[in-house]
Amino acid sequence: MKIGVVVHGPHIVDSGYAAKLIELLRKYGHVNARLGGTMGRTAVYDAHLEDTIDISEKRLPSESVDLFAEEGHDLVVLMNYGKSRITGHGFGYKVFQRSEKKPPMVQIERPGEPDGSVVPWRREALPFAEKLAEELGLELVDPDEICREIFHGEPCKEQEPDSREYRRLVGVSENENIFVNGIVVGTSTSDDVTLVAENGIITDIIGGRIKKHGVEKLGRVNLRDAVVKTGLLRRSDVKPRKVKLRENNKVRYTVSFLNHAAEDIYSLHDADLVVTVGDDTTLVAADILYRFDVPIIGITDGDIDRVVRNGFKCSGSIIIEFEGGWDDIVGERIHRELFRGSDTIEVEDLETFKKDLLQIIDNIGAEYTVRYT
């Protein structure tokens, strides 16, 4: 049997279960594994699994599922370790519904927990799911039960009672960050949260508190297809792994600009320096780029939402903090005057670049503090 494995999220990797489950599946046939989603890529590097789990392309989990189907795999196994049972099951439902090919798919959810489960998302996958559930000592869960669990007995579809677009979130706890396409748009105030959008703009969070600045950064969005997460992007306490060291004594250096786009950081691993705008973007970018020995200059305003448990920064990084609301203004000026509207430039001397950047900031006249790493 040809088995495609979609590994989602950092916790299934950090826990050690991704490697263990891939090895177990090899008893049943030829296994190919690739990452679905983005945040798990750092975990794959830290676990030395980049030769086992393909992280070469950025794909949604449903896109990885469909690619395995197109490549002729007999079965797809989705591995996930959600922060709760209901969150994990809701995620699996979303992945299967968004898949265009809808191949036989088995989900392994929270394998290290008492409520861990195996879900056959198509009837053809049931015999294999039964084998896995027995071997792993996990509960076999029927998809129909999941529909009742996450939609309170409603049919397996989200309702749109009027012209506005709604998206109910599952598995949310009180006081958690709500991410839409990698940007924090609000905070939950209950465990029953629904996002509301009008004309593609999020206008309300039922059961939550909206973050206006985050919604402005996000702009228009297709709420039904957006990637929505809650809580911390990475929950584990880990020892980061350095996977590459930068060359010294270069003739020219590559400097990149990153503005509120935390999910696109991995493409910058070859940069010599990255200028980041926004507190959470700076936090996540610094943490990821630490693995590649890439320092950052973070333009922040103290509006941090703490999206990872621990954040690492490469030596040589600089954090420049302004009063609230100034990070976007300063970032836009730096992008226009120093980068000339481009997202990547080459410079002959990094120290001269830093001095030019600070000069632009001084010319703006806003008060700021600087922290060096």
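Quick note: structure is the one above.
Summarised in this report is the structure supplied together with it. (Residues numbered from 1 in each chain as written. Predicted model: local features only at pLDDT ≥ 70, side-chain atom pairs only at ≥ 80, totals over all residues. Heavy atoms only, no water.)

**Notes on the pattern of salt bridges**
As enumerated under the stated definition, the model contains 18 salt bridges in all. The closest approach of N and O atoms between E135 and K27, which form a salt bridge, is 2.4 Å. Taken together, the positions of E135 in helix α6 (residues 126-136) and K27 in the loop between α2 (17-25) and β2 (30-36) put the pair 108 residues apart, joining distant regions of the chain. In this structure K27 comes out as exposed when scored by relative accessible area, which is 56%. Residues joined in a network through salt bridges with shared partners are E332, R333, R336 and E337. (Salt bridge = Lys/Arg side-chain N within 4 Å of Asp/Glu carboxyl O. Helix = DSSP H or I, 4+ residues; strand = E, 2+ residues; numbered from the N terminus. Buried < 20%, exposed > 50% of the residue type's maximum accessible area, 1.4 Å probe, protein only.)

**Focus: the packing of aromatic side chains**
Scanning the model with the defined rule gives nine aromatic pairs in all. Each ring, one from F322 and one from Y368, has its centre 5.6 Å from the other, and the planes form 45°; the classification is tilted. Of the two residues, F322 is situated in strand β18 (residues 318-322) and Y368 in strand β20 (residues 368-372); the sequence distance between them amounts to 46 residues. On the basis of relative accessibility, which here comes to 4%, the residue F322 falls in the buried class. Pairing F339 with F353 gives two aromatic rings, centres 5.8 Å apart and planes at 80°, and the pair type is edge-to-face. One end of the pair, F339, is in the loop between α10 (326-337) and β19 (344-347); the other, F353, is in helix α11 (residues 350-364), and 14 residues separate them in sequence. The buried category is assigned to F339, whose relative accessible area is 1%. Counting every residue linked through ring pairs, the aromatic cluster contains Y93, F96 and W121. The side chain of K20 reaches across the aromatic face of Y17, ending 5.1 Å from its centre. In this structure, R34 packs its charged tip against the face of F68, placed 4.2 Å from the ring centre. (Phe/Tyr/Trp six-rings, centres within 6.5 Å; stacked < 30°, edge-to-face > 60°. Lys NZ or Arg CZ within 6 Å of the ring centre and 35° of its normal.)

**Some details on the environment of S84**
In this fold, S84 is placed in the loop between β4 (75-80) and α5 (85-98). Separated by 25 residues in sequence, S84 and E109 have C-alpha atoms that sit 9.5 Å apart. The residues touching S84, leaving out its near neighbours within four places in the chain, are E109, R110 and G171. (Contact = heavy atoms within 4.5 Å.)

**What about the pairing of strand β17 (residues 296-300)?**
Within a regular strand, side chains alternate between the sheet's two faces. With five of five residues buried, β17 lies mostly within the body of the structure. As judged from the four bridges shared by strand β16 (residues 273-277) and β17, these two strands associate in the parallel manner. Bridge pairing in β17 places V274 opposite I296. For the handedness criterion, the β-α-β arrangement of β16, helix α9 (residues 279-290) and β17 is classed as right-handed. By the bridge criterion, four bridges tie β17 to β18 in an arrangement that is parallel. When the sheet's bridge partners are listed, T300 is paired in β18 with E321. (Pairing = 2+ DSSP bridges. Right-handed = clockwise from strand over helix to strand, strands pointing away.)

**What about the sheet that holds strand β10 (residues 183-188)?**
The sheet built from four strands is open, its strands ordered β13-β10-β9-β14 with antiparallel pairing. At either end of the open sheet lies a strand with only one pairing partner, and these are β13 (208-210) and β14 (228-230). In this sheet, adjacent strand axes meet at a mean angle of 30° when their direction is disregarded. With three bridges connecting them, strand β9 (residues 177-180) and β14 associate as antiparallel partners. What sits directly across from I178, in β14, is T230. (Axes fitted to C-alpha atoms, helices over the stretch in contact; angles between N-to-C directions.)

**Observations concerning the packing of α2 against α6**
Helix-helix packing: each pair is described by the crossing angle between the helix axes and the interaxial distance. Two elements in contact, α2 and α6, have axes separated by 12 Å at closest approach and are oriented at 125°. Comparing their axes, α6 and α2 come out oblique. Crossing of α2 over α6 shows right-handed handedness. Contact with α2, carried on its side by L21, L24 and L25, involves F128, L132, E135 and L136 of α6 and no other residues of that element. Split into classes, the residues belonging to the contact of α2 with α6 amount to six nonpolar, no polar and one charged. (Parallel < 35°, antiparallel > 145°, perpendicular 65-115°, else oblique. Left-handed = near helix turned anticlockwise from the far one by under 90°. Nonpolar A, V, L, I, M, F, W, Y, C, P; charged D, E, K, R; others polar.)

**Re the side chain of S188**
Examined against the element boundaries, S188 turns out to sit in strand β10. Judged by relative accessible area, which is 2%, S188 ranks as buried. Within the structure, the side chain of S188 is placed 2.5 Å from the backbone oxygen of S173, a separation counted as a polar contact. (Polar contact = N/O pair within 3.5 Å; in protein donor to acceptor, adjacent residues only side chain to side chain.)

**As for the sheet that holds strand β7 (residues 139-140)**
Reading across the sheet, the seven strands line up as β3-β2-β1-β4-β5-β6-β7 and stay open at both edges, with mixed pairing between neighbours. The open sheet has two edge strands, β3 (53-54) and β7, and neither has a second partner. Taken together, the two bridges between strand β6 (residues 117-120) and β7 define a ladder with parallel strand orientation. The residue of β7 that forms the bridge with V118 is L140. Across the sheet, α2 touches β1 (2-8), β2, β3, β4 and β5 (105-109), and the angle it forms with β4 is around 160°. The strands touched by α5 within the sheet are β1, β4, β5, β6 and β7, with β5 carrying the most contacts at an inclination of about 160°.

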